Amino acid sequence: MPADRTATRRVGAAALILVAVGAALFLAVFPIPARTADPPSPASVAAGPVEIEGAWARPGMEGGHSAAYFTLGNRGDRELELKGARADVATDTQIHRTLLEERTAPDGSVQQVMRMVLAGDIELDPGEQVVFKPGGLHVMLLGLKRALAEGDTIRLALFFDDLAPVELEVPVLPPTETGAGMGMGMEASGGM
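The following refers to the structure shown. Within every chain, residues take consecutive numbers counted from 1 along the sequence as written. Per-residue local features are limited, in this predicted model, to residues with pLDDT of at least 70; the limit for side-chain atom pairs, both in listing and counting, is 80 or more; totals at the level of whole chains, interfaces and linings are taken over all residues. The basis for every side-chain value is the complete set of heavy atoms in the structure, and neither hydrogens nor water enter the calculation.

## Side note on the overall build of the protein chain
To be explicit about the condition: Every helix listed is a DSSP run of H or I at least four residues long, and every strand listed is a run of E at least two residues long, numbered separately from the N terminus. Each residue is assigned to one of three classes by its accessible area relative to the maximum for its type, calculated with a 1.4 Å probe on protein chains only: buried under 20%, partly exposed between the two thresholds, exposed over 50%. By definition, residues are in contact when any of their heavy atoms lie within 4.5 Å.
Summing up its helical and strand segments, the protein chain has 1 helix and 12 strands in all. Helices and strands appear in the protein chain in the N-to-C order α-β-β-β-β-β-β-β-β-β-β-β-β. Counting every position in the protein chain, which comprises 192 residues, the buried fraction comes to 34%. Looking at the protein chain alone, contacts between residues at least 24 apart form 67% of all its contacts between residues at least 6 apart.

See the structure below:
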């Protein structure tokens, strides 16, 4: 009987060693990735009457395009007028509005087509907010000087009538479900 117990203990110990070696080999081949830092949050800034909340930009390829989105608010007591924007990563920066239009196809069916047009100056009354979002108003970043990947940041400056430029660091985040189709199959006018 004692010999059987000793053999059983040896088999049990050998099995534990095999399990430990197997686990070590598995982790060597399939390592568990280290937890990375939380993704950056959208940027916000307040400067005088201007308030910008939730600013983010979408990824893009070098030479391609991207867009920046945010909520722009007027905290002042007079009208605020957004005249333009500039981004350090783009050769040109324009404020666009996405329009949904219906067109008749050659076969007579009616199709909806999205296209972007220059938005012009954006006026905000005191206390008013304007949302820049995928499929609506947005700051178009044309001719990217470098690729934009999730986790990068860009420097965005907004220009207002009679105010100093408002600058902020904007994180590059993946598109949300509501914006996943932005830029796909859209016609462009106004220099695109």
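Having seen the structure, we can now continue with the description.
## A look at the sheet that holds strand 4 (residues 80-87)
Operational definition: In this analysis, strands are considered paired if DSSP registers two or more bridges between them. Lines are fitted to the C-alpha atoms to define the axes, a helix being fitted only along its stretch in contact, and any angle between axes, read from their N-to-C directions, falls within 0 to 180 degrees.
The strand order across the open sheet formed by 4 strands is 7-4-10-11, and the pairing between neighbours is antiparallel. The sheet terminates laterally at strand 7 (122-124) and strand 11 (166-171), the two strands that pair on one side only. Averaged over all neighbouring strand pairs, the angle between strand axes comes to 35°, with direction disregarded. The pairing of strand 10 (residues 153-160) with strand 11 spans 6 bridges and is antiparallel. Residue alanine 157 lies in a different strand from strand 11, and its bridge partner there is glutamate 167.

## Remarks on unusual backbone geometry
Glycine aside, residues mostly have negative phi, and peptide bonds are mostly found in the trans state. At aspartate 162, a residue that is not glycine, the phi angle is positive and equals roughly 65°. Position of aspartate 162 relative to the elements: it lies in the loop between strand 10 and strand 11.

## Comments concerning the pattern of salt bridges
What counts, and what does not: Any carboxyl oxygen of Asp or Glu that lies within 4 Å of a side-chain nitrogen of Lys or Arg is treated as forming a salt bridge with it.
Taken as a whole and assessed by the stated rule, the structure comprises 7 salt bridges. Measuring nitrogen to oxygen at the nearest pair gives 2.8 Å for the salt bridge that ties lysine 83 to aspartate 121. Taken together, the positions of lysine 83 in strand 4 and aspartate 121 in the loop between strand 6 (110-118) and strand 7 put the pair 38 residues apart, joining distant regions of the chain. You can call lysine 83 partly exposed: its relative accessible area is 42%. The closest approach of N and O atoms between arginine 115 and glutamate 101, which form a salt bridge, is 2.8 Å. Taken together, the positions of arginine 115 in strand 6 and glutamate 101 in strand 5 (residues 90-104) put the pair 14 residues apart, joining distant regions of the chain. Overall, arginine 115 belongs to the partly exposed group, its relative accessible area being 22%.

## Some thoughts on a negative patch on the surface
Going by this rule: What goes into a patch is any residue over 30% in relative accessible area without a salt bridge, connected to like charges within 9 Å or, for nonpolar side chains (Val, Leu, Ile, Met, Phe, Trp, Tyr), within 5 Å. Residue burial considers only the protein chains on display, and all accessible areas are found by Shrake-Rupley using a 1.4 Å probe. We score Asp and Glu as negative and Lys and Arg as positive, and we do not count His or the chain ends. Lysine's charge is taken at NZ, arginine's at CZ, aspartate's at CG and glutamate's at CD.
Taken together, Glu79, Glu123, Asp125, Asp161 and Asp162 make up a surface patch of like negative charges. Secondary-structure assignment places aspartate 161 in the loop between strand 10 and strand 11. Residue aspartate 161 is classed as partly exposed on the basis of its relative accessible area, which comes to 34%.

## What to know about the environment of proline 171
For proline 171, the position within the fold is in strand 11. What makes proline 171 buried here is its relative accessible area of 4%. C-alpha of proline 171 to C-alpha of threonine 153: the two residues are 18 residues apart in sequence and 4.3 Å apart in space.

## Concerning the side chain of arginine 58
Heads up, the rule is: Think of a polar contact as two N or O atoms within 3.5 Å of one another; within protein, one of them needs to be a possible hydrogen donor and the other a possible acceptor, and neighboring residues in sequence only count if both atoms come from side chains.
Structurally, arginine 58 is set in the loop between strand 2 (50-57) and strand 3 (66-74). For the buried arginine 58, no salt bridge is present, and the opposite-charge side chain at shortest range is glutamate 150, 12 Å distant. Of note is the side chain of arginine 58, whose polar atom sits 3.0 Å from the side chain of tyrosine 69.

## A closer look at the pairing of strand 8 (residues 129-132)
Burial along strand 8 is one-sided: Val130 and Phe132 are buried, while Gln129 and Val131, pointing the other way, are not. In this sheet, strand 8 lies alongside strand 3 in antiparallel orientation, the contact comprising 4 bridges. Looking at strand 8, one finds that leucine 72 is bridged to valine 130.

Read these as geometric descriptors, not functional statements.
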